[in-house]
Amino acid sequence: LSDVGEHGWIRGLVRRAGKASGALIVGPGDDAAALRAPRGTVLLTTDTLVEGVHFRREWLSPRALGRRAFRVNASDVAAMGGRPWAVLLAIEAPASLPVATLDGIVDGVARDARAAGAVLAGGNLARAERLAIAVALVGVAGRTIVRRAGACVGDVLAVTGPLGAMGAAVRARLAGRAVRLPDVPCRWAVGERLAPFAHAMIDVSDGLVQDAGHLCRASGVGAEIDLAAVPVAAACRRALGADAARFAVGAGEDYELLVALRPRAVRAARRAALRHGVGLSIVGRVVPGAPRVRLRNPDGTVAVPSRSGFDHFRRWRASAR
Ligand SMILES: [Mg+2]
């Protein structure tokens, strides 16, 4: 990067990001981006991936890293029932970083943004000790804005896909096996479709138990999750065997959507999700009482999971730091 310099690289970026079109009136290369404002409500979110904290460079290709930076943000927009619209990308990088790495990251972001119907509107590059990728995403809300609050006693809890794939991959990496880390799934289209049925929704970034806990606290309800009903990713099942479901509900970074909806709405919601090739698995129910998540074991016993049982990611983050 030190050979090309900030301004040289940004000139290249302007070429990669493509010409202004659609809502984008002024794209990368000026003092700020200009976009024609959408009618309705916009959603704003931002998330940063920091090397050594959220990723290791040897575990992900630059493109996969870029995709990830975009999709973790798109996942938050999806969890509100919205769609990605415009992206700002701010990168901190050491001067020794190969330009090809930086270009790959931008390509990963730009391609995914395009595929989602969004534009890479601009960004920033700053020199730092380690690589960090910050995405700020503007989304357009659908007709229904779904929040974490709103789950009602009697609702069922459903997830949009299998859990535990990322957890199992990280576990394998930490054990020295060079497995591929799965991509963050694209759930914005299905999130928008599920929104009219949802009382509450959240994306599963910290693990099902933790994120269900966030939803419970926001809604002032409790939740019970059936371990036997949790859809477990094949790789997780292979690696963890009998412990797979318990591992999967604690492992993070699956980025599926967790939705609370009334039992009557399940059929229609399932049909709507299937139109996007996404299944909807009922994993539990909303119950009265303290905002806590309880796990129902296959033998029928119920337990409140201890934090220590669900700390795989926290541990890997700590060890990577
Ligand atoms: Mg989230």
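Please refer to the structure placed before this passage.
Residues numbered from 1 in each chain as written. Predicted model: local features only at pLDDT ≥ 70, side-chain atom pairs only at ≥ 80, totals over all residues. Heavy atoms only, no water.

Participant: What is the right way to look at a positive patch on the surface in this model?
Facilitator: Together, Arg193, Arg267, Arg271 and Arg275 line one region of the surface with positive charge. Note that Arg271 resides in helix H9 (residues 266–274). (Patch = residues over 30% accessible without salt bridge, like charges linked within 9 Å, V, L, I, M, F, W, Y side chains within 5 Å. Areas by Shrake-Rupley, 256 points an atom, 1.4 Å probe, with all protein chains shown as cover. Salt bridge = Lys/Arg side-chain N within 4 Å of Asp/Glu carboxyl O. Lys, Arg positive; Asp, Glu negative; His and termini not counted. Charge placed at Lys NZ, Arg CZ, Asp CG, Glu CD. Helix = DSSP H or I, 4+ residues; strand = E, 2+ residues; numbered from the N terminus.)

Participant: I would appreciate a short explanation of the packing of helix H2 (residues 62–78) against helix H3 (residues 99–115) in the present structure.
Facilitator: For any two helices packed against each other, the geometry is given by the interaxial angle and the distance between the axes. In the contact formed by H2 and H3, the axes pass within 7 Å of each other and the chain directions differ by 45 degrees. Looking at the two axes, H2 sits oblique to H3. Seen along the crossing, H2 lies across H3 with a hand that is right-handed. Across the interface between the two elements, Pro62, Arg63, Leu65, Gly66, Arg67, Phe70 and Arg71 of H2 pack against Thr101, Gly104, Ile105, Asp107, Gly108, Val109, Arg111, Asp112 and Ala113 of H3. (Axes fitted to C-alpha atoms, helices over the stretch in contact; angles between N-to-C directions. Parallel < 35°, antiparallel > 145°, perpendicular 65-115°, else oblique. Left-handed = near helix turned anticlockwise from the far one by under 90°. Contact = heavy atoms within 4.5 Å.)

Participant: Looking at this model, I keep getting lost on the pairing of strand S9 (residues 222–226). Mind explaining?
Facilitator: Regular strands have side chains that alternate between both faces of the sheet. Burial of S9 is extensive: five of the five residues sit out of reach of the surface. Alternating positions in S9 separate into two faces, Gly222, Glu224 and Asp226 on one and Ala223 and Ile225 on the other, with burial throughout. As judged from the four bridges shared by S9 and strand S11 (residues 281–287), these two strands associate in the antiparallel manner. Residue pairing in the sheet places Ala223 in a bridge with Val286 of S11. Bridge count for S9 against strand S12 (residues 293–296) is four bridges, and the pairing is parallel. Residue pairing in the sheet places Asp226 in a bridge with Arg296 of S12. (Buried < 20%, exposed > 50% of the residue type's maximum accessible area, 1.4 Å probe, protein only. Pairing = 2+ DSSP bridges.)

Participant: What exactly am I supposed to notice about the coordination of the magnesium ion here?
Facilitator: Surrounding the magnesium ion are the protein donor atoms Asp76 (OD) and Asp203 (OD), which sit 2.1 Å from the metal. On the criterion of sequence distance, the pair formed by Asp76 in helix H2 and Asp203 in strand S8 (residues 200–203) is long-range, its members being 127 residues apart. For Asp76, a relative accessible area of 24% puts it in the partly exposed group. (Donors = N, O, S within 2.8 Å, 3.2 Å for Na, K, Ca; no water.)

Participant: For this particular structure, what's the right way to read the sheet that holds S9?
Facilitator: Sheets are built from strands that pair by backbone hydrogen bonding, the pairs being arranged parallel or antiparallel. Taking strand neighbours across the sheet as the criterion, the seven strands line up as S8-S10-S7-S11-S9-S12-S13 in an open arrangement whose pairing is mixed. Both outer strands of the open sheet, S8 and strand S13 (302–303), are each paired with one neighbouring strand and no more. Packed on one face of the sheet, H9 meets strand S7 (156–159), strand S10 (257–261) and S11 and runs near 140 degrees to S11.

Participant: Sorry if this is basic, but what is going on with the environment of Val190 here?
Facilitator: Along the chain, Val190 turns up in helix H5 (residues 188–194). Residue classification places Val190 among the buried residues on the basis of a relative accessible area of 2%. Look past the residues within four positions of Val190 in its chain and what remains in contact with it is Thr160, Leu257, Ala273, His276 and Val278.

Participant: Any chance you could explain the sheet that holds strand S3 (residues 42–50) here in plain terms?
Facilitator: Strand order in this open sheet of four strands is S3-S6-S4-S5, and the pairing throughout is mixed. The strands lining the two open edges of the sheet, one partner per strand, are S3 and strand S5 (119–127). With strand direction ignored, the average angle separating the axes of adjacent strands in the sheet is 15 degrees. Two elements, strand S4 (residues 82–93) and S5, share eight bridges in a ladder whose sense is parallel. Residue pairing in the sheet places Ala93 in a bridge with Arg127 of S5. Most of the contacts of H2 go to S3, to which it runs at about 145 degrees, and overall it touches S3, S4 and strand S6 (132–141). Most of the contacts of H3 go to S4, to which it runs at about 175 degrees, and overall it touches S4, S5 and S6.

Participant: Could you clarify how one ought to interpret empty space enclosed by the protein in this entry?
Facilitator: Leftover empty space is mapped by rolling, across the atoms, a probe with the size of a water molecule. Under the definition given, this model contains three cavities of 30 Å³ or more. When its volume is computed, the largest cavity comes out at roughly 50 Å³. Considered class by class, the residues forming the lining of the largest cavity number six nonpolar, two polar and no charged. (1 Å grid on protein atoms, 1.4 Å probe; cavity = no way out; pocket = protein on both sides within 12 Å on 5 of 7 lines; lining within 4 Å. Points joined across faces, edges and corners; volume = space filled by probe spheres on them. Nonpolar A, V, L, I, M, F, W, Y, C, P; charged D, E, K, R; others polar.)

Participant: Even after reading the chapter, I still don't get the nonpolar core, so can you show me in this structure?
Facilitator: A general trend in soluble globular proteins is that nonpolar side chains are found buried together. Counting residues in each nonpolar core, the largest one holds 59 residues, and the members touching the most others are Phe70, Val87 and Ile91. It is H2 that provides the largest number of residues to this core, a total of seven residues. Counting 34 residues, the second largest nonpolar core, distinct from the first, contains Ile202, Leu208, Cys236 and Ala251. (Core = buried A, V, L, I, M, F, W, Y, C linked by side-chain atoms within 4.5 Å.)

Participant: Would you mind showing me how to read the side chain of Asn73 here?
Facilitator: Assignment of secondary structure puts Asn73 in helix H2. Among all residues touching Asn73, those that are not within four sequence positions of it are Thr45, Thr46, Asp47, Val135 and Leu137.

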